[in-house]
Each structure stands twice: as structure tokens, then as C-alpha cells.
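Residue strings, one per chain:
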Amino acid sequence: MHEREIAYQEQIRQLQEEIAALKRERNAVILAHNYQRPEVQDVADFVGDSLELSRKATTVDTEVIVFCGVHFMAESAKILNPSRTVLLPEITAGCPMADMIELEDLREWKARYPDAAVVCYVNSSAAIKAESDICCTSANALKVVEAVDSRRILFVPDQHLGQFVAAQTQKEVILYPGHCPTHRRLQPEHLRSAKATHPDAVVVVHPECTEDVVKLADVALSTSQMLRYVRESSSNKFLIGTEHGLLHRMRLENPDKTIYSASNALVCPNMKRTHLKSVNNALRNSEYVIDVPEETRILAKRALDRMLEVI
Ligand code: 13P
Ligand code: SF4
């Protein structure tokens, strides 16, 4: 190993040790999303997709939850478990898709479709959740839409996940025009060329990808569903169309399988804001505390609880 690489690995090891000690001292748990940097995932107590992390947040009994992910995820943890101190290590780690819908936009859309039930992707602010009938994640969106007692669904804010659901249900799904800039960077021509390079690989993409990309794939799944799929598959080559962070765990879990990324563009800058130093600072300085106004929290919790009852 190169000298600089050895020094870097040593720095990582020291930070991970410090974080483990601080975590005990602060009575904290670290939750991390599957897209976090490998070294951040390695220091977490639990790594998962949005649904698993929401479930986990309800059962945490430590005083502090350090949420390594983006703002809406830490907010969901606070909504579900308000007596805990929830820390987001990098306060600027947001989700551009969640920011594509404001409360006023949703109210306007609701007025336009008064008979529609509002299904809101968890990638949304607490205020949007509070104004919605029920939440969903990429792991359960179809089940949630089918479970809702309405034939007309207003699906916000991800038009691509909404389209993915619309293609599988008899219900009328009205799509709000939000999207994930990271998954949208995976263009059909990138996937076609990756498929041509690896013709024997199974193609697995995230439903936040555009419809044209989903049509080119063998299967579209949430991040944890992808992990399960690859683990259980008898194939040994995979082309993965989602954020690069997921490949870390996938490769660790499947040392005998070959995992390719569908594109170098699949990096979410917001998910990559959190470094080990950010986690260390979060525990040392109790930053950044995530709070949700109580009135909004109660309404947002209702939408999240309804989702957790469906599955
Ligand atoms: P999941 O891990 O729930 O599939 O979510 C993907 C995502 O884009 C989170 O921001
Ligand atoms: Fe938001 Fe997309 Fe990044 Fe997920 S990957 S946090 S949806 S921008």
C-alpha cells in the first residue's frame, strides 16, 4: 500500500475509535443510509433504506440518534421518536427532490384534485408529510397506493417513483413533477452502453430512475431490496443503477459476485457531505439538533404511522 494510503487508513481507524468512545459516553446510536460513505457506514450501528431506518428510529432507546443521511431522514426520526435528541452531522445535507415541493404547491394541487388521496414519498419535508394522507418509501409505494381508500392518488414529489407505481396499479395516479437529480443522471444511453459492455449482468435499478431506464432494467427495487435480491440471486454479475454508496455493502456481502455501477454519475453530493469528521463533531458538540414544531410533528407522524401500519 502507498504511504499516503496507509496514513489515510490510520486516520480513519483513529476517528472510528474516537467515535465509538464518544458514542458510549453520549449514550448515542448511529443510523446511516445505504448511500453514505463506506467509512461512515462502517461506524454505524444500523445501515438501511428509508423504510428500515424509519422503523429503526421508532425503537431507539438511547438518548441521542446521530443520523447519517439527509435532512428529511433525520426529521423523520425526530417525528417518530420525539423524546430523543436527533443530530444531523452536516446541516446542509438536504435532498433536492424534497425541496422541489413547497407547502403552497401541495395546497394548490390538493385544491385542483379535491377527491384525491395524497401519498407522499418520505423524501419530503415534515410540512409536506403533515399535509399528506399517508407516506411511502420506494420499498412499499405500490402497497401503500393499493391500501389507500381512494381510486385517485396525488403522488408527491417524485414523478418517477409515481410513474413506476402507476404502471402497476388500476388506480389513477396524478404525478407531481419532482425528481431525484442523481438518479436522473442515469440516461438510457448510459445503461444501454453498460449493458453492451456487460451483456451477462443482471440489471437492477432504483425506481427513482426515469421510466426509460426502468424499462431497460431486469428489476427496479429500493436499496435494501436490491441488497436482498443480489444476495439471493443465483446470477453472479450485476449492473447496479443507484447511488454508489450501496455498492460498498453489496460487495462486502457478495465477495464471489461481480458488481458494476451503471454509471459514474450516480453520486449524490448531499449523501456524500457526511464524513467521519462530521460524525465526530456531531457527537462532541451535539450538532446539528433537528427539531420539528409540535403541531406539524403530530400531523406528519400520522402519515408515517399509517405507512408503517400498511407494511
Ligand atoms: P431507499 O434507500 O429507501 O431506496 O431511498 C433511496 C433514496 O434516494 C434516499 O434518498
Ligand atoms: Fe435526494 Fe436523490 Fe440524493 Fe436520495 S439520492 S437524497 S432522492 S437527491
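Basis of the calculations
Residues numbered from 1 in each chain as written. Chains lettered and ligands numbered in written order. Predicted model: local features only at pLDDT ≥ 70, side-chain atom pairs only at ≥ 80, totals over all residues. Heavy atoms only, no water. Salt bridge = Lys/Arg side-chain N within 4 Å of Asp/Glu carboxyl O. Helix = DSSP H or I, 4+ residues; strand = E, 2+ residues; numbered from the N terminus. Buried < 20%, exposed > 50% of the residue type's maximum accessible area, 1.4 Å probe, protein only. Near = heavy atom within 4 Å. Polar contact = N/O pair within 3.5 Å; in protein donor to acceptor, adjacent residues only side chain to side chain. Areas by Shrake-Rupley, 256 points an atom, 1.4 Å probe, with all protein chains shown as cover. Nonpolar A, V, L, I, M, F, W, Y, C, P; charged D, E, K, R; others polar.

**Points about the pattern of salt bridges**
Tallying each qualifying case throughout the model produces 18 salt bridges. When the shortest N-O distance is used, the salt bridge between E253 and R231 registers 2.9 Å. Remark: R231 occurs in helix 12 (residues 223–232) and E253 occurs in helix 13 (residues 245–253); sequence separation between them is 22 residues. The class for E253 is partly exposed, based on a relative accessible area of 28%. Judged by its relative accessible area of 41%, R231 is partly exposed. Put simply, R297 and E294 hold a salt bridge, and the shortest N to O gap is 2.9 Å. In this pair, R297 and E294 are both assigned in helix 15 (residues 294–310), 3 residues apart and thus about one turn of the helix distant.

**As for the site of ligand 1**
The immediate surroundings of ligand 1 are formed by 13 residues, with H33, S50, S138, H206 and T223 found nearest. A distance of 2.7 Å separates an oxygen atom of ligand 1 from a polar atom in the side chain of H33. Separating an oxygen atom of ligand 1 from a side-chain N or O atom of S50 is a distance of 2.9 Å. With the chains in place, 96% of the 310 Å² that ligand 1 exposes on its own is no longer accessible. When grouped by side-chain class, the residues that make up the shell around ligand 1 number 4 nonpolar, 7 polar and 2 charged.

Geometric values such as these leave the question of function open.
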